[in-house]
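In case you want the letters, here they are:
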Amino acid sequence: MKEIADILIAYQKAVKENKKTALATVVKVEGSSYRRPGARMLITEDGMLTGAISGGCLEGDALRKALSAIHQQENRLVTYDTTDEDDAKFGIQLGCNGVVHILFEPIFSEQEQNPIAFLKALQQERENAVLVTFFSLNDKQQPGTKTLYRKEELIADLPPTILNEVMNDAAYALENKTSDFKEYQLNGQWITAFLEIISPPISLIIAGAGNDAQPLAEIAYRLGWEVTVVDGRPTHATSARFPDATRVLVSKPDQFLNYITLDERTAFVLMTHNYNYDVELLGRLLATKAPYIGTLGPRRKLIRMLDELNQNTAENESRVHGPIGLDIGAETAEEIAISIIAEIKAKFLGASAKPLKEKNAPIHVHELKNS
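Parameters and conventions
- Residues numbered from 1 in each chain as written.
- Predicted model: local features only at pLDDT ≥ 70, side-chain atom pairs only at ≥ 80, totals over all residues.
- Heavy atoms only, no water.
- Axes fitted to C-alpha atoms, helices over the stretch in contact; angles between N-to-C directions.
- Helix = DSSP H or I, 4+ residues; strand = E, 2+ residues; numbered from the N terminus.
- Parallel < 35°, antiparallel > 145°, perpendicular 65-115°, else oblique.
- Left-handed = near helix turned anticlockwise from the far one by under 90°.
- Contact = heavy atoms within 4.5 Å.
- Nonpolar A, V, L, I, M, F, W, Y, C, P; charged D, E, K, R; others polar.
- Buried < 20%, exposed > 50% of the residue type's maximum accessible area, 1.4 Å probe, protein only.
- Pairing = 2+ DSSP bridges.
- Salt bridge = Lys/Arg side-chain N within 4 Å of Asp/Glu carboxyl O.
- Phe/Tyr/Trp six-rings, centres within 6.5 Å; stacked < 30°, edge-to-face > 60°.

(A) Up close: the packing of helix α1 (residues 2–16) against helix α3 (residues 115–122). Direction vectors running N to C along α1 and α3 enclose 130°, while the axes themselves pass 10 Å from each other. The angle between α1 and α3 falls in the class oblique. Relative to α3, the crossing made by α1 is left-handed. In contact with Ile4, Ile7, Leu8, Tyr11 and Gln12 of α1, α3 contributes Ile116, Leu119, Lys120 and Leu122. The class makeup of the residues in the contact of α1 with α3 is 7 nonpolar, 1 polar and 1 charged.

In structure tokens:
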């Protein structure tokens, strides 16, 4: 969602400056590639790039293709085949040993349902959604981004002949939280649809406004997470100390949850350095369905808190991440923040957090799951 948020900001700026734009989307990958399906980049007619569709090797050529799509005022699919050892003939020298299909869509602001409008709709609710992008590897017709589906909403620019089928497939993808590819017949031709699961950004709730919470809030912001900082000390919980936070609140533990909207993408980090505050808050969090709870400090501190709460069960010991973070040898506040962020990211994605060199499966084994 960070990439999408950046694209929307860049698009609004381009509109104000009366610049034409195009959206590039990786719609399919065969083999190895730096970015996976769903990666996006906004290109303006004067060469400004926001987002990324590769590690930097495709962007130069993508600019030329985007300008061509803008000039011709039609969607265009471009395939980069890097399985050929002589990929230098493309002038891009990827070395990724994969085939990357990228869809370029010129944006027409006067159209109510243009690709950017679908991306905007994603931000309106903190719910999982399915974004459907249509393309063809064998035909000139490239319908593009045409559908957004969530439980209580359907936005679609599709003919009636395939609308119900697409909606049913999107509902299935949403229920299983797994992106997928489907084939549909449109205007006598078969087209491919990339049904992409997109989740709202992680909502990070930091209980504690000490100095060590500042790099945690900053790094989370850089990742596009929504950051809320809560502390009982008005001298510490200030916007001046946490300029990147979405919200900074002063609250006692018994009022804490009144200010929080808890969903399946919410992570709580307890780092107030006030033992009594942490104990009371932990007790209240254990009574919720919070998917991630982490406590700063040694494990014996967590055990003591659970004992005082009369909730020292194997389930709670397993549920609460204490001590919080991955073992990366962190010492400084910045290093500890990286450790915490990495564990939360791995938790929500279901990743192992092991070194990639020990992974037998492809690096992007979760490419068709929400991230």
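(B) Representation of the pairing of strand β1 (residues 21–31) in the model. Counted residue by residue, β1 has 8 buried out of 11 residues, so it is predominantly covered. One ladder, built from 5 bridges, connects β1 with strand β2 (residues 40–44); its direction is antiparallel. Note that in β2 the partner of Ala24 across the bridge is Met41. As paired strands, β1 and strand β5 (residues 98–107) are joined by 10 bridges and run antiparallel to one another. Considered in β5, the bridge of Lys28 is made with His101.

(C) Highlighting the sheet that holds strand β12 (residues 226–231). Across the sheet, 6 strands lie side by side as β13-β12-β11-β14-β15-β16; this open sheet has parallel pairing. The open sheet is flanked by β13 (247–250) and β16 (320–321), the only strands paired with a single partner. As paired elements, strand β11 (residues 203–207) and β12 share 5 bridges and run parallel to each other. Bridging from a neighbouring strand, Ile206 pairs with Val229 of β12. Strands in contact with helix α10 (residues 333–349) are β11, β14 (266–270), β15 (292–295) and β16; relative to β14, the strand with the most contacts, it is inclined by about 150°.

(D) A look at the environment of Leu282. In this structure, Leu282 sits in helix α7 (residues 275–286). Sequence separation between Leu282 and Val269 is 13 residues, and the spatial gap between their C-alpha atoms is 10.0 Å.

(E) Inspection of the pattern of salt bridges at higher detail. What the rule picks out here adds up to 19 salt bridges. A salt bridge links Lys301 to Asp278; the nearest nitrogen and oxygen atoms lie 3.3 Å apart. Of this pair, Lys301 sits in helix α8 (residues 299–308) while Asp278 sits in helix α7; the two residues are 23 residues apart in sequence, bridging distant segments of the chain. Exposure class is identical for Lys301 and Asp278. Each is buried. Salt bridges sharing common partners tie together Lys13, Glu17, Lys19 and Asp46.

(F) Structural view of the packing of aromatic side chains. Summed over the entire model, instances satisfying the criterion amount to 3 aromatic pairs. On the basis of an interplanar angle of 25° and a centroid distance of 5.0 Å, the ring pair of Phe181 and Phe194 is categorised as stacked. Residue Phe181 is located in strand β9 (residues 180–186), and its partner Phe194 is located in strand β10 (residues 189–198); the two are separated by 13 residues in the primary sequence. Given the relative accessible area of 22%, Phe181 is considered partly exposed. For Phe194, a relative accessible area of 1% translates into the label buried. Measuring from centroid to centroid gives 6.3 Å for Phe256 and Phe268, while their planes differ by 50°, and the two rings are tilted.

(G) Just the pairing of β9, in detail. Where β9 meets β10, 7 bridges bridge the pair, whose relative direction is antiparallel. Each residue of the ladder has a partner; that of Leu186, found in β10, is Gln189. Counting the residues in the hairpin turn of β9 and β10 gives 2 residues, including Asn187, whose phi is positive at 55°.

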